[in-house]
Amino acid sequence: MIQIPDLKTKKLFQSNRSNLAGSLWASWNLDLSSNVGAIRLSPRLMVSSSTEFIATLTTAPCAFRRYNSLFWTISGTKVHVSGSDILAASFTADATAGTPTNCDVTKSDLEVFNNELYVTTDTNVLYYYNGSVWASVSVGSADTTPKPMTRYGALLYVATGLNKVYSISTGHAATLLLTLPNSQQITCIRAGSNKIWITTLDMSGDSGYVYEWDGASATTNKSYKLTTQGALSCIIKDDVPWIVDTAGRLLAFNGGTFVEIARLPIFNTLLLKATSNVNDRFIHPNGMSIIDGEVCMLIANTNGESTGSINDNLPSGVWAYNQNNGLYHRYSVSYHDDDDASTLITDYGQNKISVAGALQEFKLYNNSASDQGTFLAGVTYYTNATSTRSAVLINDRNNTVLKYGYFITSWIQAEALKDNWQKMFARFRYFLSSLDEKIILKYRQIEYPANTSVRQDISITWDNSTSVFKTQTNLSSSSFIGKEVEITQGQGAGKCAHIVSVSTPNSIDYYVTLDEVFTGVTTGTAKARVREWIKIGKEDDLSSDVAIFAFPMNTSPSSKIQIKCCMQFYNDDELYDIIIINKPHTLLS
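Let me begin by describing the structure that accompanies this report. (Residues numbered from 1 in each chain as written. Predicted model: local features only at pLDDT ≥ 70, side-chain atom pairs only at ≥ 80, totals over all residues. Heavy atoms only, no water.)

Describing the overall build of the protein chain
Link 1 in the chain: On a plain count of helices and strands, the protein chain comes out with zero helices and 47 strands.
Link 2 in the chain: A compact globule built from 589 residues would reach a C-alpha radius of gyration of about 25 Å, and the protein chain, at 25 Å, matches this within 12%.
Link 3 in the chain: Expressed as lengths along the three principal axes of its C-alpha atoms, the size of the protein chain is roughly 75 × 55 × 50 Å.
Link 4 in the chain: Here the protein chain, with 589 residues, has 58% of them falling under the buried criterion.
Link 5 in the chain: Look at the contacts in the protein chain between residues 6 or more apart in sequence, and 64% of them connect residues 24 or more apart.
Link 6 in the chain: Element-wise, carbon and sulfur atoms account for 49% of the exposed surface of the protein chain, whose accessible area totals about 21800 Å².
Link 7 in the chain: One way to put it: in the protein chain the 47 positive side-chain charges average out to a point 5 Å from where the 53 negative ones average out. (Helix = DSSP H or I, 4+ residues; strand = E, 2+ residues; numbered from the N terminus. Rg over C-alpha atoms; globule rule 2.2 N^0.38 Å. Buried < 20%, exposed > 50% of the residue type's maximum accessible area, 1.4 Å probe, protein only. Contact = heavy atoms within 4.5 Å. Areas by Shrake-Rupley, 256 points an atom, 1.4 Å probe, with all protein chains shown as cover. Lys, Arg positive; Asp, Glu negative; His and termini not counted. Charge placed at Lys NZ, Arg CZ, Asp CG, Glu CD.)

Here you go:
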């Protein structure tokens, strides 16, 4: 008998180092921290800007600040401001006289200092707003490099010219204080309680550094060499800097150096634009935040090679780290609008997004039970197979929209040389509503190579139906019947189903019927992947909290097995564990 998670520890752990270590190989929309020991799905990320205002956000918002009882961000070339002091408020371009119009999300930043809002732009002009009027000051010589900021003590600090740091006084005087080596491009500048941390990317291809600085000396106080080309994002937690480097590793300062705490499942190829000299990388410098005590990062998952592929166990969205569970996928980006009815669903989360922007938690006192959100995320996401849209997203704090997620175990070794896999039990909380909640269990005994014919990455068009799509990829072989289809981008994204039948009414298209309903899809386009998962069964009984799943009769004895558990949940539905009943088939002798 095998129990997932282990009965004694009640922990699922994702190591991202192999498909054997830890208990999880992949995760999608999991919530492992709100009720420790239970497996929930995270509330959705939803578009916070009303549909009519989305057009004003032309690029992934790159920074968030609360100032003058409103929320501020940067998108396109302009500063945007919320209509009220709630996270679900819509954003519009600021129309105050003198507002900057030359922002650039790959270079600009926001900061609040001395009761003023500061904005860096595509030039050396620094803008500031006192709540009534905008003014500006020049910082250094003309340049078009990224310009991160932080406040520390009685000064504002602005990095510019790739490797220089200026201070800005309360009287708006700019003073050059620090110059780093020429190859070291500053990516982040963050203030601790008694020092400033500066992260860099080495543009010569050598190692990047993290510098420790007192904010006044002409040279840094200490430097810490990284083993990769540099650090791309940084957050301070409990006065300790945490960084994400070009290889997707999460590192923290241990008092003497930066050590790896966790990593994204990246192996042979860096993610897209990992070493770019502007902030269009897979993670933005402002793409980390502490959310509910976890170190979180917002990432885009496209690989850096020319085909634009994505890894099966590396979805876009918000990844979260805690010591009990490792680094796992917590939130996906959905284009469900928070103004829409909770039943109006056209996707369950975009596995692949175009651009990842800023991530920022705002835990504010709120006396309205209906107001949404505890954090903001800036994203450019796909609305179909090709088109994109940018938006500010919030989490569904009220947790009232149906959601979908899954986990995939690491490969489970047979207890003998080979085991017979007989049945599985799932224990869970009684479903909280009748909104089509369900648990679906699947398995595989072989992980086929990427170039195997049974594994396909395809473009699809929904055929005016919630369970039929057409594709020009040949899926007519009987080997595809029963295989899993996971929609990764566009309408219906974030959910899995299995192929029931394939028809060929013409010489071009293959019509695929699925065993699940994808609510809200009609004739839109999407991207999907076909994988070798074999469905064991589904549980959707509202009157039960235990389900029995029998492996198919033709399941072969094997030396290992991998389990995928898909969940369609509402609110605080939760799964407690899965128990696998196995018996030795081939004994050691």
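After that view, the rundown keeps rolling.
Description of the pattern of salt bridges
Link 1 in the chain: Inspection of the entire model under this criterion finds 34 salt bridges.
Link 2 in the chain: Measuring nitrogen to oxygen at the nearest pair gives 2.7 Å for the salt bridge that ties D312 to R531. Placement of D312 in the loop between β27 (294–299) and β28 (317–322) and of R531 in strand β43 (residues 525–531) is noted, with a sequence separation of 219 residues between them.
Link 3 in the chain: Of the residues examined, D312 reaches a relative accessible area of 18% and is grouped as buried.
Link 4 in the chain: Residue R531 is classed as buried on the basis of its relative accessible area of 7%.
Link 5 in the chain: Measuring nitrogen to oxygen at the nearest pair gives 3.0 Å for the salt bridge that ties K564 to E484. (Salt bridge = Lys/Arg side-chain N within 4 Å of Asp/Glu carboxyl O.)

Brief notes about the pairing of strand β10 (residues 110–113)
Link 1 in the chain: Neither face of β10 is exposed, since L110 and V112 on one face and E111 and F113 on the opposite face are all buried.
Link 2 in the chain: With four bridges connecting them, β10 and strand β11 (residues 116–119) associate as antiparallel partners. Within β11, the position partnered with F113 by the bridge is E116.
Link 3 in the chain: Where β10 folds back on β11, the antiparallel hairpin that results is connected by two residues, among which N114 adopts a positive phi of roughly 55°. (Pairing = 2+ DSSP bridges.)

Some words on the side chain of S42
Link 1 in the chain: If you trace the backbone, S42 turns up in the loop between β4 (40–41) and β5 (45–47).
Link 2 in the chain: Given the relative accessible area of 3%, S42 is considered buried.
Link 3 in the chain: Polar contacts involving the side chain of S42 include one to the main-chain carbonyl oxygen of R330, which spans 2.7 Å.
Link 4 in the chain: In this structure, S42 is in contact with N29, L30, D31, R330, Y331 and K403, ignoring residues within four places of it in sequence. (Polar contact = N/O pair within 3.5 Å; in protein donor to acceptor, adjacent residues only side chain to side chain.)

Remarks on the state of the cysteines
Link 1 in the chain: Under the counting rule described, the total for this entry stands at zero disulfides.
Link 2 in the chain: Counting only cysteine sulfurs, C103 is the nearest neighbor of C62, a cysteine outside any disulfide, at a range of 7.7 Å.
Link 3 in the chain: The class for C62 is buried, based on a relative accessible area of 1%. (Disulfide = S-S within 2.5 Å.)

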